[in-house]
Amino acid sequence: MKKTALVLEGGALRGQYTAGVLDTFLAQGLHFDTVIGVSAGALCGTNYVSEQFGRTTHVNVNYRHDRNYISLRRALRRQDVINLDYLFAPHGAGWEDFDAATYNASATQFVVVATSVTNGRPVYFVHPKDAELVEALKASSAMPFISAPQDTRLGLCLDGGITDSIPYAYAQAAGFAKIVVVRTRERAYRKAATSPVLAAAYQHTFGAHPRFVAAACARPEMYNRQATALDELEAAGDVFVIAPQQPVTVKRLEGDTDKLQALYETGRQESAAAFEALSAYLAK
């Protein structure tokens, strides 16, 4: 039986919480057999597998207003608002380039979740490397309406959170004995139903892919089912969850870097406080 899996929810710059949690894990020397990430969770997970303490926050805080990295103007050209080509390009001193050698050599299997535009189902990229890694991360984090679907070896893809926001079931199906989940929303959070206006926008933009439209419109119900089931699994001791103790006020593309730094620190503090209980769960 496989031993440990780490599951990372998305949430754009709310992933600063996840970055803090993962840096606590790195500081404690805690690693997992598999890491499964969605969107921002996948981006944070990449730096965790490459063992680059602080890289996520260093880039997000210090380069948040660098238009080469994050710019809404890119959406006007149907490009990703967060420029992953720039994120993974070599920049030299001051940037902290991605350590591809450590990532590629890691014993941890890394899984990136995206959504197939063709069939409206989740797809999973298993330990992609080099150009395919960037391709998979683009697919996982590409937001409908403002990003063009990413062409991948698994077909056209968009945001993995549309069909598998918190992919603990993937870890269950793979037979992991211990599953740790890092949330970017508090446990009580639930999504409101898709509005008629948003449903019409999905139909207008993606009408050629009716199964994707159906999945996108049903996203809130899917997310809420996952959140409720996760609460039940946690209560039964079958998974271990680290989630913000208070509602997160950081926006998806938050521009206040003080708030980004503070959310990172919250992730560090809350995961440090939970670490003894987490260690006991993993040791059982």
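Up top you'll find the structure we're talking about.
The present account deals with the structure reproduced in this document. (Residues numbered from 1 in each chain as written. Predicted model: local features only at pLDDT ≥ 70, side-chain atom pairs only at ≥ 80, totals over all residues. Heavy atoms only, no water.)

Quick look at the overall build of the protein chain now. Scanning the protein chain from terminus to terminus reveals 11 helices and eight strands. Considering only C-alpha atoms, the protein chain reaches an extent of 50 × 45 × 35 Å along its principal axes. Evaluated residue by residue, the protein chain yields a buried proportion of 54% over its 284 residues. Here the contacts in the protein chain between residues at least 6 apart in sequence split such that 76% fall between residues at least 24 apart. If you sum the accessible surface of the protein chain, you get close to 12000 Å²; carbon and sulfur atoms cover 53% of it. With 28 positive and 28 negative side-chain charges, the protein chain shows a separation of 6 Å between the mean positions of the two kinds. (Helix = DSSP H or I, 4+ residues; strand = E, 2+ residues; numbered from the N terminus. Buried < 20%, exposed > 50% of the residue type's maximum accessible area, 1.4 Å probe, protein only. Contact = heavy atoms within 4.5 Å. Areas by Shrake-Rupley, 256 points an atom, 1.4 Å probe, with all protein chains shown as cover. Lys, Arg positive; Asp, Glu negative; His and termini not counted. Charge placed at Lys NZ, Arg CZ, Asp CG, Glu CD.)

Two numbers describe a pair of packed helices, the interaxial angle and the distance between the axes. Direction vectors running N to C along helix α8 (residues 196-206) and helix α9 (residues 210-217) enclose 160 degrees, while the axes themselves pass 9 Å from each other. In terms of orientation, α8 lies roughly antiparallel with respect to α9. The two elements α8 and α9 meet at a crossing, and its hand is right-handed. Between α8 and α9, the residues in contact are Ala 199, Tyr 202, Gln 203 and Phe 206 and Pro 210, Phe 212, Val 213, Ala 216 and Cys 217, respectively. (Axes fitted to C-alpha atoms, helices over the stretch in contact; angles between N-to-C directions. Parallel < 35°, antiparallel > 145°, perpendicular 65-115°, else oblique. Left-handed = near helix turned anticlockwise from the far one by under 90°.)

Core analysis: the biggest nonpolar cluster contains 55 residues, and Leu 6, Phe 25, Tyr 48, Leu 87, Phe 110, Leu 137 and Leu 278 have the highest contact counts within it. For this core, the element with the highest residue contribution is helix α11 (residues 257-283), accounting for seven residues. Excluding residues that lie within four positions of it along the chain, Phe 110 makes contacts with Val 35, Ala 42, Gly 45, Thr 46, Val 49, Tyr 103, Phe 125, Val 126, His 127, Pro 128 and Leu 133. Val 38, Ile 179, Tyr 189 and Ala 243 belong to the second largest nonpolar core, which has 19 residues in total. (Core = buried A, V, L, I, M, F, W, Y, C linked by side-chain atoms within 4.5 Å.)

The subject of this paragraph is helix α10 (residues 219-235). When the terminal C-alpha atoms of α10 are compared, their 24 Å separation across 17 residues agrees well with the 24 Å that a helix rising 1.5 Å per residue should span. Within the span of α10, buried status applies to Pro 220, Met 222, Tyr 223, Asn 224, Gln 226, Ala 227, Leu 230 and Leu 233. Looking at the buried residues of α10, the elements they touch are α7 (168-173), β7 (178-182), α9 and β8 (240-242). Once α10 finishes, Gly 237 follows within two positions and takes phi at roughly 80 degrees, a positive value. (Expected span 1.5 Å × (residues − 1).)

It is worth spelling out the pairing of strand β3 (residues 109-116) at this point. Put simply, side chains in a regular strand alternate between the two faces of the sheet. Taken across its eight residues, β3 has seven buried, putting it largely inside the fold. Two strands pair when backbone bridges link them, and strand β2 (residues 34-38) and β3 are joined in this way by five bridges, in the parallel orientation. By the bridge assignment, Val 35 is partnered in β3 with Phe 110. In the sheet, β3 pairs with strand β4 (residues 122-126) via five bridges, with the strands oriented antiparallel. (Pairing = 2+ DSSP bridges.)

So yeah, pure geometry; function would need other evidence.
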